[in-house]
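Summary of the model geometry
Next come the chains, spelled out residue by residue.
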Amino acid sequence: MIESLLVANRGEIARRIIRTARRLGIRAIAVHSEADAGLPFVTEADEAVCVGPANPAQSYRNVEAILAAAKSTGAQAIHPGYGFLSENADFARTVEAGGLIWVGPGADAISAMGDKINARNLMAAAGVPVAPGTTDPAADLDAAVAAAAEIGYPVMVKAAAGGGGMGMGVADDEEALRTEYDKVRSFAERMFGDGSVLIERYFPRVRHVEVQILGLADGRVVALGERECSVQRRNQKLVEESPSPAVSPELRERFLAAAVRAGEAVGYRNAGTVECLFDPATNEFFFLEMNTRLQVEHPVTELVYGVDLVEEQLRVAAGLAPTFDPDALAPRGHAIELRINAEDPKRFLPGPGVIKTWVEPTGEGVRVDSGYVEGNTVTPFYDSLMAKLIVSGSDRAEAIQRAKAAVAAFDLAGPKNNLPFFAELLENAEFLSGDYDTGIVSRMR
């Protein structure tokens with residue numbers, strides 16, 4: 001097993017990785033910005049190195065500073081968490097070229113899946129269902145208009161290099177397409193350094209279902225069930241649950257088989273997620289993208305399948321067999337994750353500030369992965385995620401009841417937060433029925 005691990009991330013995910021590393025007897029090394037010096041992940045690590053000021057470009061995305069920290073601390077491996085450099089193929093190559101172990105998929109897989117058009121084409125060739133759309137970037141506005149006419153409106157205008165729900169727009173007609181095309185291309189050039197745009201069929205009432213895959217050290221790819229991620233605001237997830245209440249056993253087999261084919265098509269190793277759009281009206285699903293990293297919502301899979309995905313990542317990276325039997329994977333019970341963000345519960349606008357009260361809920365089936373404690377400051381420099389409240393039960397009804405109690409018991413004051421939204425959601429008839437789609441939040445607002 002790896003002996004020393006540098007975590008190239010911050011907040012709750014850094015703290016969560018450090019927790020598993022220390023349980024396994026691995027020396028855990030944190031890197032942090034000046035703004036994060038007082039956060040729990042820094043104090044809980046065996047060693048910590050400041051890698052720059054608050055600006056992520058000068059700290060958490062500062063490759064030279066992170067590699068220097070790894071060298072100075074004698075780190076054997078680097079875990080990138082999610083976001084920041086986690087899906088940067090050049091960083092992965094640089095880490096391995098420096099003689100370090102990269103805890104993630106290979107750089108070639110990251111590159112292959114990082115371009116959405118290339119990923120779509122690879123998946124189609126592998127027999128994974130893809131939505132109607134362009135097989136090459138729309139070179140200009142005229143090409144986009146022609147593609148949309150062939151696909152049929154409404155269409156999704158999407159940055160080929162985007163991710164995390166960013167760089168996307170919907171057009172119901174040609175006039176809207178002309179506006180959205182320029183908007184998305186400009187955003188993509190500014191945010192991703194790549195203005196390539198693809199056009200896909202847009203499904204107005206659709207569910208977002210993803211499959212957790214793990215590429216093992218022996219070359220096999222296995223699927224650890226699906227997650228429902230349809231509770232979203234601005235195309236970004238707020239709630240995830242596993243199993244999906246919309247997926248039947250027969251449909252689950254199709255989802256998992258397609259996800260395994262997707263991983264095999266790129267020789268995938270380590271943890272990843274195959275994201276799909278699911279149309280419950282037709283029982284069809286389509287490949288959306290592959291996230292070549294650990295997902296924010298990985299805890300619901302851990303609770304339902306009884307695995308520690310970070311431990312499995314470390315084992316794959318070290319060339320070791322998994323702790324579980326790949327041929328005997330089966331879900332047990334139900335789990336739900338609520339993302340506790342520093343944002344107002346109505347418009348979901350960021351609301352950073354000093355945490356004056358922070359008392360986490362406890363009890364059977366309740367887990368909190370948090371990045372903060374009382375007295376910390378949620379700064380405006382990073383994502384608004386403060387914690388993940390994860391609950392599990394023998395079935396969905398029990399998990400929901402435990403979620404209601406946990407939300408009510410979470411005593412949080414200081415920054416604006418979305419706990420009131422979750423209290424509302426957990427009483428919402430549409431959500432309680434399990435028959436909801438990605439428009440549920442907009443209908444609540």
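Below is a short write-up of the structure. (Residues numbered from 1 in each chain as written. Predicted model: local features only at pLDDT ≥ 70, side-chain atom pairs only at ≥ 80, totals over all residues. Heavy atoms only, no water.)

Let us look at the sheet that holds strand β7 (residues 168–171). The three strands are arranged β7-β6-β8 in an open sheet whose pairing can be described as antiparallel. Every other strand in the sheet has two partners, leaving β7 and β8 (197–201) as the edge strands with one partner each. Averaged over all neighbouring strand pairs, the angle between strand axes comes to 25°, with direction disregarded. Seen against the sheet, helix α7 (residues 141–151) touches β6 (155–159) and β8 and runs at an angle of roughly 15° to β8. Where helix α8 (residues 174–192) meets the sheet, its contacts fall on β6, β7 and β8, and the angle it forms with β6 comes to roughly 20°. (Pairing = 2+ DSSP bridges. Helix = DSSP H or I, 4+ residues; strand = E, 2+ residues; numbered from the N terminus. Axes fitted to C-alpha atoms, helices over the stretch in contact; angles between N-to-C directions. Contact = heavy atoms within 4.5 Å.)

Applying the stated criterion across every chain yields a total of 40 salt bridges. Among the ionic pairs, arginine 19 bridges to aspartate 369, the shortest N-O distance being 3.6 Å. With arginine 19 in helix α1 (residues 11–23) and aspartate 369 in strand β17 (residues 366–370), this residue pair connects regions lying 350 residues apart in the sequence. By sharing partners, the salt bridges in this structure join Arg16, Arg19, Arg23, Glu302, Asp308, Glu311, Arg367 and Asp369 into a single network. (Salt bridge = Lys/Arg side-chain N within 4 Å of Asp/Glu carboxyl O.)

What follows is about the packing of helix α5 (residues 107–114) against helix α6 (residues 116–125). At a closest axis distance of 5 Å, the pairing of α5 and α6 adopts a crossing angle of 100°. Taken together, α5 and α6 sit at an angle that is classed as roughly perpendicular. Across from Ala112, Met113 and Gly114 in α5, the residues of α6 making contact are Lys116, Asn118, Ala119, Leu122 and Met123. Its residues assigned to classes, the contact of α5 with α6 shows five nonpolar, two polar and one charged. (Parallel < 35°, antiparallel > 145°, perpendicular 65-115°, else oblique. Nonpolar A, V, L, I, M, F, W, Y, C, P; charged D, E, K, R; others polar.)

Okay, the nonpolar core next. Counting residues in hydrophobic clusters, the biggest one holds 74 residues, and the most contacted among them are Val231 and Ile340. In terms of residue count, the dominant contributor to this core is strand β19 (residues 385–393) (six residues). Among all residues touching isoleucine 340, those that are not within four sequence positions of it are Ser384, Leu385, Met386, Ala387, Leu389, Phe410, Leu412, Asn418, Leu419 and Phe422. Counting 27 residues, the second largest nonpolar core, distinct from the first, contains Met113, Ala119, Ala258 and Val274. (Core = buried A, V, L, I, M, F, W, Y, C linked by side-chain atoms within 4.5 Å. Buried < 20%, exposed > 50% of the residue type's maximum accessible area, 1.4 Å probe, protein only.)

Remark: helix α3 (residues 63–73) packs on helix α4 (residues 89–97), axes separated minimally by 12 Å, with the N-to-C direction vectors making an angle of 30°. Classified by the interaxial angle, the pair formed by α3 and α4 is roughly parallel. Both α3 and α4 take part in a crossing whose hand is right-handed. Here α3 contributes Val63, Ile66 and Leu67 to the contact with α4, which in turn contributes Phe91, Thr94 and Val95. Taken together, the residues that form the contact of α3 with α4 break down as five nonpolar, one polar and no charged. (Left-handed = near helix turned anticlockwise from the far one by under 90°.)

Here we take up the side chain of arginine 252. Along the polypeptide, arginine 252 turns up in helix α9 (residues 249–265). Owing to a relative accessible area of 17%, arginine 252 belongs among the buried residues under this scheme. Here arginine 252 is in contact with Glu226, Pro243, Ser244 and Val247, once residues within four sequence places are set aside.

Once that is clear, we can look at helix α10 (residues 298–305). For α10, the buried fraction is high: seven of the eight residues fall into the buried class. Those residues of α10 that fall on the buried side of the exposure criterion are His298, Pro299, Val300, Thr301, Glu302, Val304 and Tyr305.

It is worth spelling out the sheet that holds strand β2 (residues 27–33) at this point. Each strand in a sheet pairs with its neighbour through backbone hydrogen bonds, running either in the same direction (parallel) or in the opposite one (antiparallel). Spatial strand order, β3-β2-β1-β4-β5: five strands in an open sheet with parallel pairing. Strands at the two margins of the open sheet, each flanked by one partner only, are β3 (47–52) and β5 (101–102). Running at roughly 175° to strand β1 (residues 4–7), α1 makes contact with β1, β2 and β4 (77–79) of the sheet.

By the secondary structure assignment, glycine 333 is in the loop between α11 (309–317) and β14 (334–341). Linking glycine 333 and tyrosine 305, residues 28 residues apart in sequence, is a C-alpha distance of 8.9 Å.

Here α1 contains 13 residues, and its C-alpha end-to-end distance of 19 Å stays within 8% of the 18 Å for a straight helix at 1.5 Å per residue. With 10 of 13 residues buried, α1 lies mostly within the body of the structure. All buried positions along α1 are accounted for by Gly11, Glu12, Ile13, Ala14, Arg15, Arg16, Ile17, Ile18, Thr20 and Ala21. Where α1 terminates, the next one or two residues include glycine 25, which has phi positive at roughly 80°. (Expected span 1.5 Å × (residues − 1).)

So, on to the state of the cysteines. According to the stated counting rule, one finds zero disulfides in the structure shown. With no disulfide of its own, cysteine 229 has cysteine 276 as its nearest cysteine by sulfur position, at a separation of 11 Å. According to the relative accessible area criterion, cysteine 229 is buried, its value standing at 0%. Overall, the relative accessible area of 4% leaves cysteine 276 in the buried class. (Disulfide = S-S within 2.5 Å.)

Attention now goes to the pairing of β19. With respect to burial, β19 is a largely interior element, nine of its nine residues being buried. Note that β14 and β19 share eight bridges and pair antiparallel. Bridge assignment links histidine 334 to a residue of β19, and that residue is glycine 393.

The next subject is unusual backbone geometry. Leaving glycine out, the prevailing phi sign among residues is negative, and the prevailing peptide bond configuration is trans. Look at the link from tyrosine 153 to proline 154: it is a cis peptide, with omega at 0°. Here proline 154 shows up in the loop between α7 and β6. Cis geometry is adopted by the peptide bond preceding proline 243, which originates at serine 242 and carries an omega value of -5°. Positioned with a positive phi, arginine 234 is a non-glycine residue whose angle comes to about 55°. Locating arginine 234 in the fold gives a position in the loop between β10 (221–233) and β11 (236–242).

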